[in-house]
Every structure is written in C-alpha cells, then in structure tokens.
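# Descriptive structure summary
Okay, here's what each chain looks like letter by letter:
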2 protein chains.
Amino acid sequence: MKIAVDAMGGDNAPKAIIEGVNLAKQDFPELEFLLYGKEEEIKKYLTDEKNVTIIHTDEKINSDDEPVKSIRKKKTASMVLAAHAVKNGEADAIFSAGNTGALLASGLFIVGRIKQIARPGLLSTLPVINNPEQNGFDMLDLGANAENDAEHLLQYAILGSFYAKNVRRIVEPRVALLNNGTEDSKGSLVTKKAFDLLSNEPSIHFIGNVEARDLLNGVADVVVTDGFTGNAVLKSIEGTALNLMSLMKNTLSNASLKGKIGALLVKDDLKEMTKVLDYSNAGGAVLFGLKAPVVKTHGATEAQAVRYTIRQIHKMLESDVVGKLVAHFDEER
Amino acid sequence: MKIAVDAMGGDNAPKAIIEGVNLAKQDFPELEFLLYGKEEEIKKYLTDEKNVTIIHTDEKINSDDEPVKSIRKKKTASMVLAAHAVKNGEADAIFSAGNTGALLASGLFIVGRIKQIARPGLLSTLPVINNPEQNGFDMLDLGANAENDAEHLLQYAILGSFYAKNVRRIVEPRVALLNNGTEDSKGSLVTKKAFDLLSNEPSIHFIGNVEARDLLNGVADVVVTDGFTGNAVLKSIEGTALNLMSLMKNTLSNASLKGKIGALLVKDDLKEMTKVLDYSNAGGAVLFGLKAPVVKTHGATEAQAVRYTIRQIHKMLESDVVGKLVAHFDEER
C-alpha cells in the first residue's frame, strides 16, 4: 500500500505532516509513502527514509488560492503531483491538509469519480457525546456539493453504509436521513423523495428521519444529507462547541476567588472532557465516491491528527472499501 | 392593546401560562388579556381579574395532534378561538405555548398573511456568546417552510430588518445571508440568486454571506436562510449546547475527589454562564409576515418565559411593526 502525501498543505506543513508520517511509519511499518514537497525541508523532519520516496517540488497550492484555477495552473504543486500519482497507479490514496476546495477539485478532476456515482460527497466521522456505547457517527455530504437531488442522497446512504461497515467495522449500520422532523411524511420535496428511495433500498438498514438536535446523541450510525445542509450543520456544531468551551474558559478565569480555586481543581477533569469532543482520532474528511481514497485533515492539524488520518486511510485500503463499492454499483447495473 | 392567550397550550398549562400573565400584568398594567381555556383552572392561578376576560372552552389542541386537521376539526379549541379573536379584530395578537404546527396553521389560515408576503417565516432572537456588545441576533426562517426560493429570502431580509429596528431597537441592523462560504460567489442556486436580490435591496443594510460557524459570535444582527436549513441550524445549536452542558455536568459529578471539591466551588459561576445561553428573555418565536403578531414559546415554558414573550408582543404592538411592514410593501407596489 502506497500513500501519496501532500507534504506542503496546511498551516503547520511540512513539520506536522512529516512528524505524523514518522508516527504512522511506526504503526504500519509496511506502508509506503510518496512525499511531495521541498526535499530539504521534508528531510529536516523525517526520522527514517525506509519505505519513503521524496518527490521534490517547489510549487504548492496556498490556502487562499482559487481551487479549480489553481490546480489547472500550478501543474507541479505538491497536491497536484500527489493526485496524478494516484491517477497513474503509482499510489493508492492521497493525504492532504491543504486547501479543501483544491483537494476536492484534484479528487474530482484528476483522480476521478467511480463511474456510477454522480456526486462524490464529503464524509467525516463526528463524535457522539454522553453515550459510551457509540464511538461516533458518519455524516455526508458535508459540503462537497452546493445542492443535491434525491438520487444523490440515495448514493450517499449506500456510500456511508459501506464506510461504516468496512472502515468502522459496524455490522449493520443504522442509516438515517436528516430532516426537519422525525415523522415519515416530513420534509422538502428532495427529502420526501429521498425518504422513499432509502426505504426501498435493500442494501442499507434505513431507520427513517432524524433531526439535527439528536445527532450528537448517537441516534444513527450514518446520517445522510445534502451538501448545503450538511455544511451548515457541521459548522453549527463546531461553532457552538467552540463558543461554549471559550465561554466556560472565560467564566472560570473571571470567576470569584472561590470559583478560581475551584477552576484549578476541576482543570484536569475538564481537559478530559474536551477529549470527548475531539474527533480527530477518527481521521479526516474523505471525499467519498472517487476511484481512490482522497482524505483531508484540518489545515491547523498537528502530528497526531496526521497519524490518525493515515490510520484511517490504511483501514480504507486494507478493507478495499472503494473496490467493494465499485463492485456493488457494477452489480446493480 | 389586547392579547389573546391560548391558556391551555404547553406542558405546564394553564399554570405556567397564567402565572406568566400575572407577572406581565405587573409590567404592563394597561395591557388587556383574553384568556381562552377552562375557566375553573384558569381562575385557580389568576391573581387579579382586572383587564382580563376569560372565555371558557373545554376543547384544546394536543401536542401530538396533526396541525392542519386539528385546527379544522377542533373549532372551539383554545388556540383556534384565540386566532379567531385576532381575525375578528377582538384582539391584536396571539400568544401560545402549544403545538407549533397548529399555531403556524392557525396563523396562516385564520389570522392570514400580509397580502404581499408569500411565505411568512419563523423568527427568533438567538444568543450571542462571548461578545458583551451584542445582545443577540434575529434569524428566519427557522422552519415555518420546508423550502424557500430567493424571493422569499429577500422578504425575510426585509422582515428581519424591520423586526430588529422596531422591536430590538437596532438603528441599522446588519443583515446577512447564511451560506456555505463567506465569498460573494458561494452558494446554491437559491442563495446565489438571493445574494443578488439582497445586494440590490435599498431598504436593508446587507453585509453579505455568513457561515453557520460564526452565528453565535454575533457576525450579524439579522440572519436570513430558508426554512429547511434554518430548522437544521437551530436544532444543531440547541443539540450541541444541551449535550455539552450535560457532558460538563457528568464530567464534574464523576470527577476525582479533587475535581468534586472544585465542582462545588465553581458551581455558582457555571450557573451564571448558563444564563448567557438562555435566550428566553428575548421572547418566543414569531410567525412573521402575518396580519398580527402570532408568537410561540417552548412547550416546556415557565412563567418567566411567558412574561418575556408577552413583553416581546407588547413591543411589537407598541412599535406597530406589522403596520409599518404593510405600509412598506404597499409603497413598493
């Protein structure tokens, strides 16, 4: 298995990326890496060159570059070269912490989508809170598309179910449709039609509509939605969590003397709590429905998150989830 | 000013409703109330009958009744009678904590919409966190409609701006469009078209696209979105906040001995913090775009929230925000 790594993408690149690769090499000694970027800088952080090939390039895509234009113009950017390596069969998957839009464009236009999948979707594993029985849930589309029709949502249900089974090892993932109410009859024209399609799809275990209020309770293993709504929901969850954590921090640091002493005493427990909210250990966001895994972590990523994302890519390759998807859709025709 | 009150709607009715009316009567001694429901029960809680008329009825709409069907069949339900009182000019506004769908239907089919407004929207004032300069922001549509087109979003922008000016006394409210990115070119077909319409509307101060991540930071005074997305965003914010607060509670009650002592000491400060999140003091959700204020609080509402919602209705009537809206749309034609 060979992973093409965009060593130059992200705010802490190449340091955090290469340090993450170092850790992943310990986890999976057999994994091979193609590292795209400035050779000299990469070598500064790389602890061991076994199973590693560095492909030097000076060019990279910046976080504020216009996605489609930049992958066309910057033909030797680290991300673009990594995508071409997958296209040409030199690597099996891409990892990047760079410009999300450019990575989506590289995935769609260079790696290419599975023939029968109309609109690949962005999938992440999000945290479940207050329910130790469940590790997280998979949601898509988180924003690869600005709008989707009901047929796309059906494909997301199948994609998400394959991911949960193969990568997260859930035997019979509960697939739900995000809607504006839990009753079967609820929804927009698109979600009503999608409800019918999902109800009649034999390859998934569809449990009906769910509301955004219940997502973090673990109401489903796979949650399907259009890219516009998914993007808004993900950002609402992130924004609320960040704001509340900082409100808590501000409250405790501006507390009464009594409160300040208390804050010191609860500090370790509250730190433990923030771990529940950190879902980087499930890996990054997958642009799912392409011919190979194309996976993205946050731009501000640290070495540990890079390591977890490489573990996730390893699971995707080991389980051959993409090959199984292709076989499923070929059979259906 | 006369408010028609559905005394039987909500989990704690009529107790919480009537106790809230008692408080509101102290705030606004000149306000008149028409209370619809079981006379005997209402009288049990009512402290003073001045400016109050009780209209007895045994029928009420339950929280699980099918909205449109129930308002047609239960012709003497407390909510339906209250809506007819507004329609017939006997009252100026309705208050209810009952079945949301039934109240929306009563608003649309009995009170009726302002002629030029195609799709009244559900508006609430939501909290701004970590920014003492700003009290909250108004958002609509929070789910009165399952889908909206760009023209509806333009009307929401105008409606929201009128509300912020007249009820919340913001001189020049910053109106923003919720979108999947902040760049002008971002969005679905609907939001792209809405962006153009909002940019060219002289009666509002449009500041462009905002993302859901920034809502609680107070990035705008009025946030416009379609009913499906608005519903998902509101429920995501509520679900995340509830889950985090209960995670914090669980963390502290399962803490180490050291942590438990700390938890006792920070308790008062953390309680203060939850007040920031409570937005019931801004009132309830308005179905805005109707011929009169139709306002809803949570089913689990307590007397204080009823009081705040009546204060909000008082502001709407005092400022004649509905009359001003009608004049604005009449002028435009």
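What counts and how
Residues numbered from 1 in each chain as written. Chains lettered and ligands numbered in written order. Predicted model: local features only at pLDDT ≥ 70, side-chain atom pairs only at ≥ 80, totals over all residues. Heavy atoms only, no water. Helix = DSSP H or I, 4+ residues; strand = E, 2+ residues; numbered from the N terminus. Rg over C-alpha atoms; globule rule 2.2 N^0.38 Å. Buried < 20%, exposed > 50% of the residue type's maximum accessible area, 1.4 Å probe, protein only. Contact = heavy atoms within 4.5 Å. Areas by Shrake-Rupley, 256 points an atom, 1.4 Å probe, with all protein chains shown as cover. Lys, Arg positive; Asp, Glu negative; His and termini not counted. Charge placed at Lys NZ, Arg CZ, Asp CG, Glu CD. Least-squares fit on C-alpha atoms with pLDDT ≥ 70 in both. Axes fitted to C-alpha atoms, helices over the stretch in contact; angles between N-to-C directions. Parallel < 35°, antiparallel > 145°, perpendicular 65-115°, else oblique. Left-handed = near helix turned anticlockwise from the far one by under 90°. Polar contact = N/O pair within 3.5 Å; in protein donor to acceptor, adjacent residues only side chain to side chain. Phe/Tyr/Trp six-rings, centres within 6.5 Å; stacked < 30°, edge-to-face > 60°. Lys NZ or Arg CZ within 6 Å of the ring centre and 35° of its normal. Buried area = accessible area lost by both parts, 1.4 Å probe. Salt bridge = Lys/Arg side-chain N within 4 Å of Asp/Glu carboxyl O. Domains from an automatic or database assignment. Nonpolar A, V, L, I, M, F, W, Y, C, P; charged D, E, K, R; others polar.

Another aspect to go through is the overall build of chain A. A tally of helices and strands in chain A yields eleven helices and eleven strands. Taking 2.2 N^0.38 as the reference for a compact globule, 333 residues should give roughly 20 Å; the C-alpha atoms of chain A span a radius of gyration of 21 Å, in line with that estimate. Across the 333 residues in chain A, those meeting the buried criterion constitute 58%. Once local pairs closer than 6 in sequence are excluded, the contacts in chain A between residues at least 24 apart make up 71%. Summed over its atoms, the accessible surface of chain A is roughly 13,900 Å², and 49% of this surface lies on carbon and sulfur atoms. Positive and negative charge centroids in chain A, built from 39 and 44 side chains respectively, lie 3 Å apart.

Between chain B and chain A, the superposition needs a rotation of 180° and an axial shift of 0.0 Å, giving an RMSD of 0.0 Å. Here the symmetry operator amounts to a two-fold rotation axis. Of every C-alpha in chain B, the one belonging to Gly262(B) sits nearest the axis of rotation, 1.8 Å from it. Mapped onto chain A, 100% of the interface residues of chain B again fall at the interface, so both copies present the same surface.

This paragraph deals with the packing of helix α1 (residues 15–27) of chain B against helix α10 (residues 303–318) of chain B. Residues and elements named next belong to chain B. With their axes 7 Å apart at the nearest point, α1 and α10 run at an angle of 50° to one another. Here α1 is positioned oblique relative to α10, judged by the angle of their axes. Between α1 and α10 lies a crossing of right-handed hand. Taking contact as the criterion, the partners of Ala 16, Ile 17, Glu 19, Gly 20, Val 21, Leu 23, Ala 24 and Asp 27 in α1 are, on α10, Ala 303, Gln 304, Val 306, Arg 307 and Ile 310.

For the rest of this paragraph, the subject is the side chain of Thr309(B). All names here are of chain B. You can see Thr 309 is positioned in helix α10. A distance of 2.8 Å separates the side chain of Thr 309 from the backbone oxygen of Ala 305, its partner in a polar contact. The contacts of Thr 309, once residues within four sequence positions are left out, are Phe 95, Gly 283, Gly 284, Val 295 and Thr 297.

Once that is clear, we can look at the environment of Leu81(A). Residue and element names in this part refer to chain A. Mapped onto the fold, Leu 81 is located in helix α4 (residues 78–87). Along the chain, Leu 81 and Ala 255 lie 174 residues apart, while their C-alpha atoms are 53 Å from each other. Apart from the residues lying within four places of it in its own chain, the contact partners of Leu 81 are Tyr 36, Thr 57, Lys 75 and Thr 76.

Below, the discussion takes up the packing of aromatic side chains. Residues and elements named next belong to chain A. Counted according to the given criterion, the structure contains four aromatic pairs over all chains. For the pair Tyr 163 and Phe 288, a centre-to-centre distance of 5.6 Å together with 85° between the ring planes defines the contact as edge-to-face. Of this pair, Tyr 163 sits in helix α6 (residues 150–166) while Phe 288 sits in strand β10 (residues 285–288), and the two are 125 residues apart along the sequence. A relative accessible area of 1% places Phe 288 in the buried class. If you follow Arg 72 out to its NZ or CZ, it ends over the ring of Phe 109, 5.9 Å from the centre.

In this section: the environment of Leu159(B). All names here are of chain B. Position of Leu 159 relative to the elements: it lies in helix α6 (residues 150–166). On the basis of relative accessibility, which here comes to 0%, the residue Leu 159 falls in the buried class. In the structure, Leu 159 is positioned 166 residues away from Leu 325 in sequence and 7.5 Å away in space, judged by C-alpha atoms. In this view, Leu 159 contacts Ile 117, Leu 140, Phe 288, Gly 289 and Leu 325; residues no more than four positions away in its chain are not counted.

So, about the interface of chain B and chain A. Opposite the 52 residues of chain B that make contact, chain A presents 52 residues. Summed over both sides, the interface of chain B with chain A buries roughly 4,600 Å², with 65% coming from carbon and sulfur. It is Arg213(B), Phe228(B) and Lys235(B) in chain B that bury the most area against chain A; as a group they hold 15% of the surface buried on that side. Where chain B touches chain A, the interface holds six salt bridges. A salt bridge links Asp268(B) to Lys258(A), with the nearest nitrogen and oxygen atoms 3.1 Å apart. At the junction of chain B with chain A, the criterion picks out 14 residue pairs in polar contact (both at pLDDT 80 or more). The biggest single contributor to the side of chain B that touches chain A is helix α8 (residues 227–253) of chain B, with 20 residues.

Residue and element names in this part refer to chain A. Topologically, Asp 320 is positioned in the loop between α10 (303–318) and α11 (321–332). Judged by its relative accessible area of 42%, Asp 320 falls in the partly exposed class. Taking the C-alpha atoms as reference points, Asp 320 and Val 167, separated by 153 residues in sequence, lie 9.2 Å from one another. There is a polar contact of 3.1 Å between the side chain of Asp 320 and the backbone nitrogen of Gly 323.

Moving on to the domain arrangement of chain A. Residues and elements named next belong to chain A. The domain boundaries assigned to chain A delineate domain 1 (1–117 + 289–333) and domain 2 (122–281). Computed over C-alpha atoms only, the centres of domain 1 and domain 2 are separated by 25 Å. Taken residue by residue, the interface counts 19 residues in domain 1 and 15 residues in domain 2. Between domain 1 and domain 2, a total of about 1,500 Å² is buried, with carbon and sulfur atoms accounting for 65% of that surface.

Residue and element names in this part refer to chain A. Relative orientation of the contacting elements α6 and helix α7 (residues 189–199) amounts to 45°, with a least axis distance of 8 Å. In terms of their interaxial angle, α6 and α7 are classed as oblique. Note on packing geometry: the crossing formed by α6 with α7 is right-handed. Together, Ala 150, Glu 151, Leu 153, Leu 154 and Ala 157 of α6 and Val 190, Lys 193, Ala 194, Leu 197 and Leu 198 of α7 make up the contact between the two elements. Looking at the contact of α6 with α7 residue by residue, the classes come out as eight nonpolar, no polar and two charged.

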